[in-house]
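Structure at a glance
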Amino acid sequence: GAVVSQHPSWVICKSGTSVKIECRSLDFQATTMFWYRQFPKQSLMLMATSNEGSKATYEQGVEKDKFLINHASLTLSTLTVTSAHPEDSSFYICSARMVDSLTRGYSNQPQHFGDGTRLSIL
Amino acid sequence: GNSVTQMEGPVTLSEEAFLTINCTYTATGYPSLFWYVQYPGEGLQLLLKATKADDKGSNKGFEATYRKETTSFHLEKGSVQVSDSAVYFCALRGSGNTGKLIFGQGTTLQVKP
């Protein structure tokens, strides 16, 4: 089945550094990927929609300059948390959606999720 | 706007008990509905889905029926196992083409032997 790989799975770094998280669709093309943030014991909050070859669409309240998203190819999107601080510590999850080969639309394609990245800022 | 409401957890059951996790939604048009499962420290896995009214999604003994009249998509399983312990998320995807998923708050299921 469709597989989405997220890397790294766990990262610990000092406050002020930038961290890049990769999301890859391994066996399908994904023109759209999604980035979510999950706080402990809470639901997933959509941060942004990543579109291949164009700018990401951010949800209200998400800082574009803080969370840089690049979707340079049909199988890779990256999220960079710039100048990370302890409040950015969270579980970040990406997902990708397949394009329907017949309709070239998304109508019946589910999202496939990566295993998440646990980010801890000291 | 669109929203999903799930019953609060945790839900604690003994092995082989019957499971129901309630999910109701608010949406315009004809959304698609999903149940995802998240095991500790992992991402989400699609459990089942339904794309139109009266559809029943099923997988691994779990099932849920898309009820438009009650705007519900309750998850059920006849006999739970310890390995079913996880967090379950009900989600909705609107009828537009953005693909955005709206998640419920998640329900933790704990199954005891």
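Everything in this summary refers to the structure shown in the same document. Computed from a predicted structure; not experimentally measured. (Residues numbered from 1 in each chain as written. Chains lettered and ligands numbered in written order. Predicted model: local features only at pLDDT ≥ 70, side-chain atom pairs only at ≥ 80, totals over all residues. Heavy atoms only, no water.)

1. Looking at the overall build of chain A
Definition in use: Put simply, DSSP marks the helices as runs of H or I at least four residues long and the strands as runs of E at least two long, and each gets a number from the N terminus on. Exposure classes here rest on a 1.4 Å probe applied to the protein chains alone. A residue is buried below 20% of its type maximum, exposed above 50%, and partly exposed in between. In what follows, residue pairs with any heavy atoms lying within 4.5 Å of each other are defined as contacts. Using a 1.4 Å probe, accessible areas were evaluated by the Shrake-Rupley method; residue-level cover was limited to the displayed protein chains.
On a plain count of helices and strands, chain A comes out with 0 helices and 11 strands. Helices (α) and strands (β) of chain A occur, in sequence order from the N terminus, as β-β-β-β-β-β-β-β-β-β-β. Counting only residues that meet the buried cut, chain A has 51% of its 122 residues in that class. Across chain A, the fraction of contacts at a sequence separation of at least 24, relative to all contacts at a separation of at least 6, is 57%. Accessible surface, chain A: about 6,100 Å² in total, of which carbon and sulfur atoms supply 52%.

2. Points about the overall build of chain B
Short version of the rule: Only the C-alpha atoms count toward the radius of gyration. The rule for a globule is 2.2 Å times the residue count to the power 0.38. Asp and Glu count as negative and Lys and Arg as positive, but His and the ends of the chain are not part of the count. Charged side chains are reduced to one point each, which is NZ for Lys, CZ for Arg, CG for Asp and CD for Glu.
A tally of regular secondary structure across chain B gives 0 helices and 12 strands. Helices and strands in chain B line up, N terminus first, as β-β-β-β-β-β-β-β-β-β-β-β. Its C-alpha radius of gyration of 13 Å places chain B within 12% of the 13 Å reference for a compact globule of 113 residues. Viewed in the frame of its principal axes, chain B has a C-alpha envelope of about 45 × 30 × 20 Å. Among the 113 residues that make up chain B, the fraction classed as buried is 42%. Relative to all contacts within chain B whose residues are 6 or more apart in sequence, the contacts with residues 24 or more apart total 57%. When the accessible surface of chain B is summed, it comes to about 5,300 Å², and 48% of that surface belongs to carbon and sulfur atoms. When the 10 positive and 10 negative side-chain charges of chain B are each reduced to one mean point, those points stand 8 Å apart.

3. Some remarks on the environment of A:Asp27
Residue and element names in this part refer to chain A. What counts is decided by this rule: We define a polar contact as two N or O atoms separated by no more than 3.5 Å, with the added condition that, inside protein, one atom must be a possible hydrogen donor and the other a possible acceptor, whereas residues neighbouring each other in sequence contribute only through side-chain atom pairs.
Relative to the helices and strands, Asp27 resides in the loop between strand E3 (19-25) and strand E4 (32-38). Along the sequence, Asp27 and Thr75 sit 48 residues apart, while their C-alpha atoms lie 8.6 Å from each other. Within polar-contact distance, the side chain of Asp27 engages the backbone nitrogen of Val3 at 3.1 Å.

4. Looking at the pairing of strand E8 (residues 76-81) of chain A
Consecutive side chains of a regular strand alternate in pointing toward one face of the sheet and then the other. Residue and element names in this part refer to chain A. The test is simple: Strands pair, by our definition, only if DSSP identifies at least two bridges between them.
Of all the 6 residues making up E8, 6 are buried; the element is thus mostly covered by neighbouring parts of the structure. Burial of E8 is two-sided: the residues Leu76, Thr78 and Thr80 facing one way and the residues Ser77, Leu79 and Val81 facing the other way are all buried. Sheet topology places E3 next to E8; 6 bridges connect them, and they run antiparallel. By the bridge assignment, Ile21 is partnered in E8 with Leu79. Pairing of strand E7 (residues 67-73) with E8, which is carried by 5 bridges, proceeds in the antiparallel orientation. From the neighbouring strand, Asn70 faces E8, where its bridge partner is Thr78. Counting the residues between successive antiparallel strands, the hairpin from E7 to E8 contains 2 residues.

5. Quick notes on the interface of chain A and chain B
Heads up, the condition is: By definition, the buried area sums, over both parts, the 1.4 Å-probe accessible area that each loses when the two are put together. We define a salt bridge as a side-chain nitrogen of Lys or Arg found within 4 Å of a carboxyl oxygen belonging to Asp or Glu.
In this complex, chain A contributes 21 residues to the contact, which on the side of chain B involves 21 residues. When chain A packs against chain B, close to 1,600 Å² is buried across both sides, 49% of that on carbon and sulfur atoms. Linking chain A to chain B there are 1 salt bridge. With its nearest N and O atoms 2.9 Å apart, the salt bridge here joins A:Glu59 to B:Lys100. On inspection of chain A and its partner chain B, the count reaches 5 residue pairs in polar contact (both at pLDDT 80 or more). Residue assignment for the side of chain A that touches chain B shows that the elements contributing at least two residues are E4, strand E5 (44-51), strand E9 (90-97) and strand E10 (111-113) of chain A.

6. Brief notes about unusual backbone geometry
In this model, A:His7 is joined to A:Pro8 through a cis peptide bond whose omega is 0°. Along the chain, A:Pro8 falls in the loop between strand E1 (4-7) and strand E2 (10-13). Here the bond from B:Gly9 into B:Pro10 is cis, since omega is -5°, no more than 30 degrees from zero. Mapping B:Pro10 onto the fold places it in the loop between strand E1 (3-6) and strand E2 (11-14). Residues other than glycine seldom take positive phi values, yet A:Ser83 does so here, at roughly 45°. As for its placement among the helices and strands, A:Ser83 is situated in the loop between E8 and E9. Given the relative accessible area of 33%, A:Ser83 is considered partly exposed.

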